[in-house]
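Structural description and commentary
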Amino acid sequence: MSTGTINPDYFIAGMGILLLIAVVIFFVVLINKNRKLRALNISISEAIKDFHINEEPLELEEITMDYVRSVLEKHRLLYDTICSTKDISFPWRKSYCNLFRETYDSYIDKVTSHNRLVRRIKLVQEQLPLAVSEIREQEKRFFAFTEWEHLKNKYGEVINIFKQIAKTRFAGLINLSDGYWVEEVLKDETFRKKNNAAFITRELDDKKSYFDDLLSYPLDKQQRLAILKSEDNCLVISSAGSGKTSTIVGKAKYLLDLYNVKPNEILLVSFTRKAAEELRNRIGEDSIHCATFHKLALDIVTDYNHARPSICDGENTFRIVLNPESEIFSFFVFTFFKQRHYRV
């Protein structure tokens, strides 16, 4: 063998050793990498459990923001590690890491949505019995339109939420029969009108002796109906001497005697002072406000200004209004003529 030449056997042996070392290093690196990835997978699995939101109907509770912040802070390092990791060898591991990242990023939104659901369910649970109680109480008397409208405005949103929850798996947490009944009552005026018809029939029978003895002579059926119909507006049209004043007196006494309405909560207005005094005397309550339209207006202005206004007599009124140099006359001419495009 000449000097400077390499023995082929040594060369092959050396290459084999180098290859073996390279393989060993590769597997060591791979094993370490897999160990790290396995540890990462375990950490992700444990972390995802903390992000789980329990939506079992029987265990539905609101999640506090303090707890949310503590969970996010607890897994912040893991989140930063995943976001900074460039090489995740296998697709399933990559998707697993992406799942955690999406879970972390959307956690606050999911908690917010969850808490909103819990609050809506609790709102229905709290407000629905109140709605049922108010309607049941209203059933006992005449159900006026404004009273029905008030309940509709008060519980309309609750019923809308109820209808949404009733279609979900959380329907068992609310009283479905009460909810559908309240919805039916507030849907339109059908229930209110049926209730009023039944109330009037029942009241005419139950209070027959009361109406017979309420005034010096028994009230007729039309007068009794006018008294019982406690609608927001009730128009009675009849001829002179047919008993309109008696009906008004009976209505006031009915409210005072049977509905505990306070005298100062009743206002009776008439065209003449004599009629107003007659109403007060026949009812027998001095604290009831009986007045003419003019006296009522005067009282309102006096209360508002804390002083009684001065009232012009007829002669002074015409002299002031018809004076061409007065501001009132100028304003009247401008308003009545110029704004209507008349020639002045």
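Read on for a plain summary of the structure. (Residues numbered from 1 in each chain as written. Predicted model: local features only at pLDDT ≥ 70, side-chain atom pairs only at ≥ 80, totals over all residues. Heavy atoms only, no water.)

Under the definition given, this model contains 15 salt bridges. Arg224 serves as the salt-bridge partner of Asp212, at 2.4 Å between the closest nitrogen and oxygen. With Asp212 in helix H8 (residues 208–213) and Arg224 in helix H9 (residues 221–228), this pair connects stretches of sequence that are twelve residues apart. Taking relative accessible area as the criterion, Arg224 reaches 10% and is therefore assigned buried. (Salt bridge = Lys/Arg side-chain N within 4 Å of Asp/Glu carboxyl O. Helix = DSSP H or I, 4+ residues; strand = E, 2+ residues; numbered from the N terminus. Buried < 20%, exposed > 50% of the residue type's maximum accessible area, 1.4 Å probe, protein only.)

Time to look at unusual backbone geometry. Even without being a glycine, Asn260 presents a positive backbone phi close to 55°. Mapping Asn260 onto the fold places it in the loop between helix H10 (244–258) and strand E1 (267–270). On the basis of relative accessible area, Asn260 is assigned to the exposed category, the value being 66%. Notably, His306 is not glycine yet its phi reads approximately 60°, a positive angle. Topologically, His306 is positioned in the loop between helix H12 (293–305) and helix H13 (314–321). Its relative accessible area of 72% is what places His306 among the exposed residues.

Turning to helix H3 (residues 76–84), its buried residues number three or more, namely Leu78, Tyr79 and Ile82. The buried side chains of H3 occupy one side of the element, clustering within an arc of 100° when seen end-on. (Arc of directions from axis to C-beta.)

What follows is about the pairing of strand E2 (residues 289–292). Bridge analysis of E1 against E2 gives four bridges, and the strand direction is parallel. In the sheet register, Val269 faces E2, and the bridge partner there is Ala291. Where the polypeptide runs from E1 across helix H11 (residues 273–283) and back to E2, its parallel neighbour, the crossover connection is right-handed. (Pairing = 2+ DSSP bridges. Right-handed = clockwise from strand over helix to strand, strands pointing away.)

Structurally, Gln223 is set in helix H9. Exposure remark for Gln223: the relative accessible area of 8% places this residue in the buried category. When near neighbours in sequence (up to four residues on either side) are disregarded, Gln223 contacts Ser242, Gly243, Ser246 and Thr247. (Contact = heavy atoms within 4.5 Å.)

For the rest of this paragraph, the subject is the environment of Ser230. Summarising the element assignment, Ser230 is placed in the loop between H9 and H10. Excluding residues that lie within four positions of it along the chain, Ser230 makes contacts with Phe142, Ala144 and Lys251.

Ranked by internal contacts, the top residues of the largest apolar core, which has 25 residues, are Val124, Ile165, Val182 and Leu186. Among the secondary structure elements, those contributing two or more residues to this core are helix H4 (91–138), helix H5 (145–165) and helix H6 (176–187). Setting aside residues no more than four positions away along its own chain, Val124 makes contact with Pro129, Val158, Ile161, Phe162, Ile165 and Ile174. Of all hydrophobic cores here, the second largest spans 21 residues; its members include Leu215, Ile227, Leu228 and Cys290. (Core = buried A, V, L, I, M, F, W, Y, C linked by side-chain atoms within 4.5 Å.)

Our next topic: H12. In a regular helix each residue adds 1.5 Å, so 13 residues correspond to 18 Å; H12 covers 18 Å between its end C-alpha atoms and thus fits that length. When we look at burial in H12, the residues that qualify are Leu296, Leu298 and Asp299. Within H12, the buried residues cover an arc of 160° as seen down the axis, which keeps them to one side. Exposed residues pointing more than 90 degrees away from the buried face of H12 are listed as His294, Ile300 and Tyr304. Here the buried face of H12 lies against E1 and E2. Looking one or two places after H12, you find His306, whose phi comes out positive at around 60°. (Expected span 1.5 Å × (residues − 1).)

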